[in-house]
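Results of the structural survey
Single-letter residue listing:
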Amino acid sequence: DFFFLGVTHLGDAAFIIAAAAALWWTWDKRAAARLLSIFLLSCALTYFLKNAFSLPRPDPGIVRSFGLSVAVNESFPSGHALGSTLIWGFIALRIRRPWMNGLAATLILLIGFSRIYLVVHFMRDVLAGTVMGAAFLAAALWSQEAASKSLSRARLPAVFPWISAFSIPYLLARLLSDPRVSQTMGLLAGIWLGILAERQWVSFDPARARFSRPLRIALGIAAGSVLAAGTFALAPTQAVFFLSHILLGLFIAFFYPWLLTVNTSHSA
């Protein structure tokens with residue numbers, strides 16, 4: 001029980017976002033930006049599908065309950081299976097080493113099985129989530145490459161990326177009309193706006209940033225956790241969720257890298 005309760009948290013959205021942020025601050029900001037963009041969009045898809053199908057989870061009156069906090073009628077598909085397939089598949093494609101392929105496959109299987117073992121999903125939910133995660137990852141990587149090539153050839157106004165970075169997540173949040181989608185799309189808008197700001201005013205280099213990598217991660221995660229806790233303390237409206245999570249995204253992509261870079265330049 002203890003093992004699978006631990007394993008299942010490797011598929012939590014909070015863990016994946018924190019891990020991607022740590023990657024951003026210490027190793028490869030471009031890979032982390034793509035990873036977060038794909039994952040947050042997949043979260044919106046997952047919430048949409050859960051609401052659309054509205055299938056019940058296993059009945060805790062019949063089977064053992066571990067007391068996990070889950071919505072009763074949001075069984076299909078498994079967000080943990082979808083997210084873990086997407087994230088660990090992305091990392092395996094990025095590293096391209098046999099050991100990483102094996103590790104990614106093992107984690108995807110264990111996280112998916114943990115959802116069945118902990119009696120919060122049926123096997124159909126996990127299988128569907130795994131297939132959807134793989135399909136979404138392939139589609140996202142292809143569309144990112146195609147969009148990058150098209151935009152590089154197009155002559156667009158300088159303000160176009162800034163408008164798109166806000167309007168696309170905002171429209172998705174309005175269209176899907178779910179507080180959780182508002183949170184994830186607000187975070188995505190903040191990440192995209194932060195990327196643009198960082199490129200223009202910071203040019204953050206993880207290899208030259210101040211502090212050791214472990215200390216950088218610890219300070220960033222601590223500050224981000226405080227900021228995230230503050231967003232949930234606000235009035236629970238979709239507009240507030242969206243705007244407050246923009247601040248969290250800006251912290252990950254712009255403010256914290258800026259602080260590290262500013263300190264580095266001053267010390268030099």
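Here's what I pulled together on the structure shown here. Predicted model only: the values in this text are computed from it and were never measured. (Residues numbered from 1 in each chain as written. Predicted model: local features only at pLDDT ≥ 70, side-chain atom pairs only at ≥ 80, totals over all residues. Heavy atoms only, no water.)

This part is about the overall build of the chain. Along the backbone of the chain there are ten helices and zero strands. Relative to the compact-globule value of 18 Å for 268 residues, the chain shows a C-alpha radius of gyration of 19 Å, a close match. Taking the principal axes of its C-alpha atoms as reference, the chain extends roughly 65 × 40 × 40 Å. Out of the 268 residues belonging to the chain, those deemed buried represent 43%. In the chain, the share of contacts with a sequence separation of at least 24, taken over all contacts with a separation of at least 6, comes to 77%. (Helix = DSSP H or I, 4+ residues; strand = E, 2+ residues; numbered from the N terminus. Rg over C-alpha atoms; globule rule 2.2 N^0.38 Å. Buried < 20%, exposed > 50% of the residue type's maximum accessible area, 1.4 Å probe, protein only. Contact = heavy atoms within 4.5 Å.)

So, about the nonpolar core. Core analysis: the largest hydrophobic core is formed by 50 residues, its most contacted members being W24, I191 and I252. Counting only elements with at least two residues in this core, the list comes to α2 (13-26), α3 (29-53), α4 (79-95), α6 (123-153), α7 (160-176), α8 (179-201) and α10 (238-267). By residue number, the principal contributor to this core is α8, which donates eleven residues. Ignoring anything within four residues of it in the chain, the contact list for I252 reads I17, A21, W24, W25, L36, L187, I191 and P257. Counting eight residues, the second-largest nonpolar core is a separate cluster that includes V7, A92, L107 and I111. (Core = buried A, V, L, I, M, F, W, Y, C linked by side-chain atoms within 4.5 Å.)

Moving on: the pattern of salt bridges. Counting across every chain of the model gives six salt bridges. The salt bridge partner of R94 is D28, with a shortest N-O separation of 2.7 Å. Here R94 is found in helix α4, whereas its partner D28 is found in the loop between α2 and α3, with 66 residues between them in sequence. Its relative accessible area of 19% is what places D28 among the buried residues. The closest approach of N and O atoms between K29 and E198, which form a salt bridge, is 2.7 Å. Residue K29 is found in helix α3, and its partner E198 is found in helix α8; the two are separated by 169 residues along the sequence. Taken together, the salt bridges that share partners define one network made up of E74, D178 and R180. (Salt bridge = Lys/Arg side-chain N within 4 Å of Asp/Glu carboxyl O.)

With respect to the secondary-structure elements, F3 resides in helix α1 (residues 2-8). Expressed as a C-alpha distance, the spacing of F3 and G61, which sit 58 residues apart in the sequence, is 24 Å.

When the terminal C-alpha atoms of α8 are compared, their 32 Å separation across 23 residues agrees well with the 33 Å that a helix rising 1.5 Å per residue should span. Among the 23 residues that make up α8, 18 are buried, leaving the element largely enclosed by the rest of the structure. Remark: S203 follows α8 within two positions and exhibits a positive phi of approximately 55°. (Expected span 1.5 Å × (residues − 1).)

The first and last C-alpha atoms of α4 sit 24 Å apart over 17 residues, in line with the 24 Å expected at 1.5 Å per residue. Counted residue by residue, α4 has twelve buried out of 17 residues, so it is predominantly covered. Residue R96 follows α4 closely and has a positive phi angle near 55°.

With that settled, consider a nonpolar patch on the surface. A cluster of nonpolar side chains, namely F166, Y170, L171 and L243, defines an oily patch on the protein surface of about 370 Å² accessible area. If one sorts the elements of the nonpolar patch by residue count, α7 sits on top with three residues. With respect to the helices and strands, the residue L243 is situated in helix α10. (Patch = residues over 30% accessible without salt bridge, like charges linked within 9 Å, V, L, I, M, F, W, Y side chains within 5 Å. Areas by Shrake-Rupley, 256 points an atom, 1.4 Å probe, with all protein chains shown as cover.)

All right, on to the environment of P161 then. Looking at where P161 falls in the secondary structure, it is placed in helix α7. Taking the C-alpha atoms as reference points, P161 and S114, 47 residues apart in sequence, are found 40 Å from one another.

Following the sequence through the fold, D125 ends up in helix α6. Of the residues examined, D125 reaches a relative accessible area of 0% and is grouped as buried. At 3.3 Å, the side chain of D125 and the side chain of H121 are in polar contact. Apart from the residues lying within four places of it in its own chain, the contact partners of D125 are S75, F76, P77 and S78. (Polar contact = N/O pair within 3.5 Å; in protein donor to acceptor, adjacent residues only side chain to side chain.)

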